[in-house]
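Descriptive structure summary
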Amino acid sequence: MAQEGRSGILLETGTNEIEIMEFTIDGNLYGINVAKVREIMMSAEVKPMPHTHPAVEGIFKPRDTVITVVDLPKYLTGKEHPHQEKDLFIVTNFNQMHVAFRVDSVVGISRISWTDIQKPDSTISGGEDGVATGIAQCGDDLVSILDFERIVAEIAPETSIQISEVEAMGKRQRNTSPVWVAEDSVLLTRMIRESLEKAGYTNLRTFPNGAELWDALEKCAEEGNVDDQVAIIITDLEMPQMDGHRLTKLIKSSKEFKQIPVVIFSSLITEEMRRKGREVGADEQLSKPEIAHLIGILDELLSRSRAKRKGGADQ
């Protein structure tokens, strides 16, 4: 069963909306960003693979593509979950790879605003170990939005951000340029911070979503010290309250902030997403987990920004 109507539900860029695909496991409602979904299929026979994470069922090969299958009920509960004939595979595409997740059923798709998604309280999110990045109000239902990047990073750590990439860059000079980062995943925020600090960037400020970063920018504008407080912004795309496209659009439409370079660093960088990023004025866009590439982009954009300011001051 392929995902239907995909071309008809592409969102206008920068409106701060998201489409959530709702699915069930043991009667509980969960959600995934439609932008991550390649298709929905009836579950199929899976070939087991040795020496893998307990939640990895194995692999299957639809249409000549080998795809890893994750038993999502087992991952979430830690218990064996009897497979049913009506189980579905949600085949995803993010971080430049395809992974299928077994679920009980798919309920449908809801279009909502990111403002309708709340960051879960730390008592239920589990902090860095939590797999829920948000709680969405979809009609009358509360839906737990799962952090699929976090799940895959645990199952296959080599697919996530690698500090070794930064270490391979060798000794670097200390850079005190103020870098702001908007990222909702606690785990990825820590990994990005560690990587940037190892690369010499010591003046970092992180925000759990675009709305809080935007509020901080507006406060800087009120105090008249934007240039002193922020030199460059890195933003994820999927975040509660305000997504990265909306944040970028606000920044690049603002007289006070449009000179600040904005880098979109997301697991969802596809050609369609690149087009949307260009529409809202992003200076650069790159896919997780390319952390060494991100550092190279930061170096280049900050150097270019310093030269531009120096040129303006000399005139």
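The numbers attached to residues start from 1 for each chain and follow its sequence in the written order. Only residues with pLDDT of 70 or above have their local features reported here, since the model is predicted, and side-chain atom pairs are shown and tallied only from 80 upward, although totals for entire chains, interfaces and linings are computed over all residues. Side-chain numbers here rest on the full set of heavy atoms in the structure, without hydrogens or water.

**Some details on unusual backbone geometry**
Glycine aside, negative phi is the norm for most residues, and most peptide bonds take the trans geometry. Residue P289 is reached from K288 by a cis peptide bond, and omega for that bond is 5°. Here P289 is to be found in the loop between β16 (284–287) and α10 (291–314). Non-glycine residue D26 carries a positive phi angle of around 55°. Structurally, the position occupied by D26 is in the loop between β1 (17–25) and β2 (28–33). Since its relative accessible area comes to 46%, D26 is described here as partly exposed. Here the phi dihedral of H51 falls at roughly 60°; this positive angle occurs in a residue that is not glycine. Tracing the backbone shows H51 in the loop between β3 (37–42) and β4 (56–60). In this text, helices come from DSSP runs of H or I with a minimum length of four residues, and strands from runs of E with a minimum of two, each type numbered from the N-terminal end. When a residue's accessible area, from a 1.4 Å probe over protein chains only, is under 20% of the maximum for its type it is buried; when over 50% it is exposed; and in between it is partly exposed.

**Some thoughts on the side chain of N33**
Note on placement: N33 falls in strand β2. Polar contact criterion, stated in full: a pair of N or O atoms within 3.5 Å, where within protein one must be able to donate a hydrogen and the other to accept it, and residues adjacent in sequence count only if both atoms are side-chain atoms. There is a polar contact of 3.0 Å between the side chain of N33 and the backbone nitrogen of A35. Excluding anything up to four places from it in sequence, N33 contacts I18, E19, W114, E238 and L268. When checking whether two residues touch, look at their non-hydrogen atoms; a contact exists if any pair is within 4.5 Å.

**A closer look at the side chain of D87**
Relative to the elements of secondary structure, D87 occurs in the loop between α1 (72–77) and β6 (88–94). A relative accessible area of 2% places D87 in the buried class. Among all residues touching D87, those that are not within four sequence positions of it are M42, S43, P82, R102, V103 and D104.

These results come straight from atomic positions and should not be treated as a statement about function.
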